[in-house]
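# Examining the three-dimensional arrangement
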Amino acid sequence: MRHLLSAADLDRAGAVEVLDVAARMAATQQREIKKLPTLRGRTVVNLFFEDSTRTRISFEAAAKRLSADVINFTARGSSVSKGESLKDTALTLEAMGADAVVVRHSASGAPHRLATAGWIRGAVINAGDGTHEHPTQALLDAFTLRRHLVGEDASGADLAGQTVAIVGDVLHSRVARSNVLLLHTLGARVVLVAPPTLLPVGVGRWPCATSYDLDGVLAGDVAGPLDAVMMLRVQGERMNAAYFPSRREYSRRYGLDARRLRLLPPHAIVMHPGPMNRGLEISAEAADSPRSTIVEQVSNGVAVRMAVLFLLLSAASGPASGPATEIAKEIVP
Ligand code: ASP
Ligand code: CP
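Residues numbered from 1 in each chain as written. Chains lettered and ligands numbered in written order. Predicted model: local features only at pLDDT ≥ 70, side-chain atom pairs only at ≥ 80, totals over all residues. Heavy atoms only, no water.

### Here's the deal with the pairing of strand S1 (residues 43–48)
Most of S1 sits out of view: six of its six residues are buried. Taking every second residue as pointing to the same face, both faces of S1 are buried, with Thr 43, Val 45 and Leu 47 on one and Val 44, Asn 46 and Phe 48 on the other. Across six bridges, the pairing between S1 and strand S2 (residues 69–74) is parallel. Bridge pairing in S2 places Leu 47 opposite Phe 73. (Buried < 20%, exposed > 50% of the residue type's maximum accessible area, 1.4 Å probe, protein only. Helix = DSSP H or I, 4+ residues; strand = E, 2+ residues; numbered from the N terminus. Pairing = 2+ DSSP bridges.)

### Section: the sheet that holds strand S7 (residues 209–211)
Pairing is parallel across the open sheet formed by five strands, whose spatial order is S7-S6-S5-S8-S9. Edge positions in the sheet fall to S7 and strand S9 (269–271), since each has one partner strand and no second. The mean angle between the axes of side-by-side strands here comes to 20°, regardless of whether they run parallel or antiparallel. Alignment of strand S8 (residues 228–231) against S9, held across three bridges, turns out to be parallel. Pairing of Val 229 across the sheet is with Val 270, part of S9. Helix-sheet contacts for helix H5 (residues 135–150) involve strand S5 (163–167), S8 and S9, and the interaxial angle to S9 is about 170°. (Axes fitted to C-alpha atoms, helices over the stretch in contact; angles between N-to-C directions. Contact = heavy atoms within 4.5 Å.)

### Comments concerning the side chain of Arg 238
Mapping Arg 238 onto the fold places it in the loop between S8 and helix H8 (247–254). Here Arg 238 falls in the buried class, since its relative accessible area comes to 18%. At a separation of 3.1 Å, a polar atom in the side chain of Arg 238 contacts the side chain of Glu 50. (Polar contact = N/O pair within 3.5 Å; in protein donor to acceptor, adjacent residues only side chain to side chain.)

### Regarding the side chain of Asn 300
Tracing the backbone shows Asn 300 in helix H11 (residues 294–316). Leaving out residues up to four positions away in the same chain, Asn 300 has contacts with Leu 140, Phe 143, Thr 144 and Arg 147.

### Some words on H5
Spacing of three or four residues puts side chains on the same side of an α-helix, whose turn is 3.6 residues. For H5, which comprises 16 residues, the first-to-last C-alpha distance of 21 Å matches the rise-based estimate of 22 Å (1.5 Å per residue) to within 8%. Of all 16 residues that make up H5, 13 are buried, and the element is covered over most of its length. Gly 151 sits one or two positions beyond H5 and adopts a positive phi of about 135°. (Expected span 1.5 Å × (residues − 1).)

### Notes on the site of ligand 1
Taken together, Arg 104, His 134, Arg 174, Val 175, Arg 233, Gln 235, Gly 274 and Pro 275 make up all the residues around ligand 1. Within the contact set of ligand 1, an oxygen atom lies 2.7 Å away from a side-chain nitrogen or oxygen of Arg 174. Contact between ligand 1 and Gln 235: an oxygen atom at 3.0 Å from a side-chain N or O atom of the residue. In the complex, the protein chains occlude 93% of the 260 Å² of accessible area that ligand 1 would expose alone. Counting atoms within 2 Å of the grid points, the majority share of ligand 1 lands in the largest pocket. Of the residues that constitute the shell around ligand 1, the class distribution is two nonpolar, three polar and three charged. (Near = heavy atom within 4 Å. Areas by Shrake-Rupley, 256 points an atom, 1.4 Å probe, with all protein chains shown as cover. 1 Å grid on protein atoms, 1.4 Å probe; cavity = no way out; pocket = protein on both sides within 12 Å on 5 of 7 lines; lining within 4 Å. Sits in = over half its atoms within 2 Å of the grid points. Nonpolar A, V, L, I, M, F, W, Y, C, P; charged D, E, K, R; others polar.)

### Digging into the pairing of strand S3 (residues 100–105)
Here S3 lies mainly inside the structure; six of its six residues are buried. Going residue by residue along S3, you find Ala 100, Val 102 and Arg 104 tucked away on one face and Val 101, Val 103 and His 105 tucked away on the opposite face as well. Where S1 lies against S3, five bridges are found, and the strand directions are parallel. Within S3, the position partnered with Val 44 by the bridge is Ala 100.

### Some thoughts on the site of ligand 2
In the vicinity of ligand 2, the contacting residues are Ser 52, Thr 53, Arg 54, Thr 55, Arg 104, His 134, Gln 137, Pro 273 and Gly 274. Here Pro 273 contributes a backbone N or O atom positioned 2.9 Å from a nitrogen atom of ligand 2. A molecule is said to occupy a pocket when more than half its atoms come within 2 Å of that pocket's grid points, and by this definition ligand 2 occupies the largest pocket. Along the lines of polarity and charge, the residues of the shell around ligand 2 split into one nonpolar, six polar and two charged.

### Observations concerning the sheet that holds S2
A sheet is described by the order of its strands in space; here four strands give the open sequence S2-S1-S3-S4, paired in parallel fashion. The sheet terminates laterally at S2 and strand S4 (123–129), the two strands that pair on one side only. Between one strand axis and the next, the sheet turns by 15° as a mean value, whatever way the strands run.

### Points about the pattern of salt bridges
Applying the stated criterion across every chain yields a total of twelve salt bridges. Residue Asp 51 pairs with Arg 76 through a salt bridge whose shortest N-O separation is 3.2 Å. Within this pair, whereas Asp 51 is found in the loop between S1 and helix H2 (54–65), its partner Arg 76 is found in the loop between S2 and helix H3 (86–95), the two being separated by 25 residues in sequence. Taking relative accessible area as the criterion, Asp 51 reaches 52% and is therefore assigned exposed. The exposure class assigned to Arg 76 is exposed, which follows from its relative accessible area of 67%. Note that Arg 252 is salt-bridged to Glu 249, the shortest N-O span being 3.5 Å. Placement of both Arg 252 and Glu 249 in helix H8 is noted, with a separation of three residues, approximately one turn of the helix. (Salt bridge = Lys/Arg side-chain N within 4 Å of Asp/Glu carboxyl O.)

See below:
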């Protein structure tokens with residue numbers, strides 16, 4: 001694989017390989033000295049045309065822990081405000097020698113354009129494009145699910161037999177799209193729960209079930225007992241119309257609160273990609289409950305992004321041996 005543009009770029013073996021490498025990366029992050037020499041001499045450019053806290057910081061941490069040089073570009077404060085195009089910005093970065101470009105953009109398809117237009121030679125990683133996809137979020141979510149539901153030592157395992165509900169603003173969520181694709185690839189069952197206005201046209205062709213009934217899904221009446229519930233942020237900045245009557249009505253019908261938490265089986269975990277609208281899609285009791293993995297998802301993001309950078313950049317340099325052997329040589333004592 002040369003780029004990571006969509007969760008659909010990964011087949012089962014490829015996805016499990018990322019999760020396995022991420023598990024090894026996570027183990028190295030328990031050491032006193034976290035930095036590995038693996039990507040010394042390589043340059044990773046973070047190209048952020050849209051705001052981000054977790055993704056931008058964790059890609060930066062991941063690249064630095066692998067000893068790559070990191071250049072951070074944010075559109076705000078750059079010559080984009082003078083009207084510079086994506087093409088000219090990309091050519092400028094290429095002139096600086098980028099081995100990998102991590103791109104977030106409000107336009108769906110922007111990373112795909114960067115990867116295919118021939119403006120840059122390096123690997124392109126989609127860090128969230130419009131309402132389309134956010135594949136590394138789906139990978140860190142799968143990593144978190146595997147750790148909790150399959151076990152710490154889950155090497156080689158997928159998520160077969162697990163049931164995950166994804167709840168809320170599916171229409172505007174790139175996290176939902178990437179998660180449906182990746183969870184399906186990994187063998188999990190997915191049920192999307194949303195009001196009819198927040199389900200995309202054509203969702204019937206996605207590899208998942210849908211429901212409007214959150215209480216029924218949480219209680220296991222619709223898709224069987226859940227192993228995880230993933231709440232989505234209501235994406236106000238992408239809404240140009242009223243999709244529900246009021247915030248109060250939305251949280252009454254589709255918010256996860258203490259009462260709804262009690263409908264879940266005892267082992268089920270609560271996820272959210274962040275940032276959260278506390279009090280809207282998720283209450284403080286649910287977000288801060290012992291079954292919430294929201295903070296852990298962020299730290300897992302570093303290990304998963306280390307794995308993605310490692311796999312893409314080591315593939316680009318064409319190692320004689322496979323990535324697993326490389327890792328064994330380079331990071332496992
Ligand atoms: N941070 C995630 C994204 O950029 C989810 C969200 O913003 O709701 O897609
Ligand atoms: N989950 C996520 O992508 O968060 P940011 O938008 O803060 O990067």
